[in-house]
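Residue-level structural notes
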Amino acid sequence: MNKVIVLLCVLIFSSISVNAIMTDEFIDETLKDIDCPKPEINVNYNYESFERIPIKLQILEPISTKKNNITDGQKIKFKVKQNVKHNHHVILTAGTIVEGTVETFMPRGMNGIPGVIILDDFEIPGLEKSKLKSTYIKRGPDLSLCVFPLKWALTFLPPTGSLTNFIVGGNAKISTKDTIQVFYYPAWN
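Only a predicted model underlies this, so the values are computations on that prediction, with no experimental measurement involved. (Residues numbered from 1 in each chain as written. Predicted model: local features only at pLDDT ≥ 70, side-chain atom pairs only at ≥ 80, totals over all residues. Heavy atoms only, no water.)

So, about the overall build of the protein chain. The secondary structure content of the protein chain amounts to 4 helices and 11 strands. Against the globule reference of 16 Å for 189 residues, the protein chain gives a C-alpha radius of gyration of 26 Å, more extended than a compact globule. When its C-alpha atoms are laid out on the principal axes, the protein chain stretches across 80 × 55 × 35 Å. Each of the 189 residues in the protein chain was classed as buried or not, and the buried ones make up 30%. The contacts of the protein chain with a sequence gap of at least 6 include a subset with a gap of at least 24, amounting to 65%. As presented, the protein chain carries roughly 13,300 Å² of accessible surface, and 60% of it is formed by carbon and sulfur atoms. Both charge centroids of the protein chain, one from 21 positive and one from 19 negative side chains, sit 15 Å from each other. (Helix = DSSP H or I, 4+ residues; strand = E, 2+ residues; numbered from the N terminus. Rg over C-alpha atoms; globule rule 2.2 N^0.38 Å. Buried < 20%, exposed > 50% of the residue type's maximum accessible area, 1.4 Å probe, protein only. Contact = heavy atoms within 4.5 Å. Areas by Shrake-Rupley, 256 points an atom, 1.4 Å probe, with all protein chains shown as cover. Lys, Arg positive; Asp, Glu negative; His and termini not counted. Charge placed at Lys NZ, Arg CZ, Asp CG, Glu CD.)

In structure tokens, the structure reads:
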């Protein structure tokens, strides 16, 4: 009996590997009339350079998922906290106003899921956008790490495990005390 099971496993695995080598007819039919150009490769970029310059920002007006005073795509104003230098030259002075965008705003949810604010697309005067890595993510307290074990512990009592669904996560807040750090890469093209 064991030999039959082993033989069936060998046949199944060998047929799976043969099917993986064959082409996918559905994909070939679907994409035959669609032109898919290859992406451009930046050959001028110095891939050996890891030089980055931190830019510390401070929000002018606090935002929070609790107050519902933000929306996706909303422009937010920041100011530079301290002078930014590159090669002993000041490239950005303290107090310069910078504008960023709320890329994603997610309110807190059930089961302890926290609220999230994602900021990106910063426009810094005098610096090229293509040389910035500027995504900033702020999350509220994540209570799901407490809720899920509690839910499993209470499943032997039928309705009580489901009651943990009503525990909500924390709100994400960005206050004027927070430091938002983005990076400028001078070697990028």
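Now that the structure is up, let's keep going.
A separate point is the side chain of Thr101. Its place among the elements puts Thr101 in strand β6 (residues 97–106). According to the relative accessible area criterion, Thr101 is buried, its value standing at 6%. Separated by 3.0 Å, the side chains of Thr101 and Lys75 make a polar contact. (Polar contact = N/O pair within 3.5 Å; in protein donor to acceptor, adjacent residues only side chain to side chain.)

Before going further, it helps to spend a moment on the pattern of salt bridges. A side chain of one charge can pair with a side chain of the opposite charge when the charged atoms of the two come close. In total, this model carries 7 salt bridges according to the counting rule given. Between Lys129 and Glu123 there is a salt bridge; the shortest N-O distance is 3.8 Å. Using a relative accessible area of 42% as the deciding quantity, one classes Lys129 as partly exposed. Here Lys138 and Asp178 are joined by a salt bridge, their closest N and O atoms 3.5 Å apart. (Salt bridge = Lys/Arg side-chain N within 4 Å of Asp/Glu carboxyl O.)

Before going further, it helps to examine the nonpolar core. Grouped together as the largest cluster of nonpolar side chains are 26 residues, with contacts concentrated most on Ile55, Leu57, Phe78, Leu119, Phe122, Ile124 and Ile180. Those elements that place two or more of their residues in this core are β1 (53–59), β3 (75–80), β6, β7 (116–123) and β11 (180–184). Per-element accounting of this core gives the leading share, 4 residues, to β1. Residues in contact with Ile55, not counting those within four places in the same chain, are Val84, Leu92, Ile124, Leu127, Leu132, Ile180, Gln181, Val182 and Tyr184. (Core = buried A, V, L, I, M, F, W, Y, C linked by side-chain atoms within 4.5 Å.)

Quick look at a nonpolar patch on the surface now. Together, Val4, Leu7, Leu8, Leu11, Ile12 and Phe13 line one region of the surface with nonpolar side chains, adding up to about 620 Å² of accessible area. When you line up the elements, Leu11 lands in helix α1 (residues 2–21). (Patch = residues over 30% accessible without salt bridge, like charges linked within 9 Å, V, L, I, M, F, W, Y side chains within 5 Å.)

Applying the stated criterion across every chain yields a total of 1 aromatic pair. Here the basic side chain of Arg52 rests over the ring of Phe183, its NZ or CZ set 3.8 Å away from the ring centre. (Phe/Tyr/Trp six-rings, centres within 6.5 Å; stacked < 30°, edge-to-face > 60°. Lys NZ or Arg CZ within 6 Å of the ring centre and 35° of its normal.)

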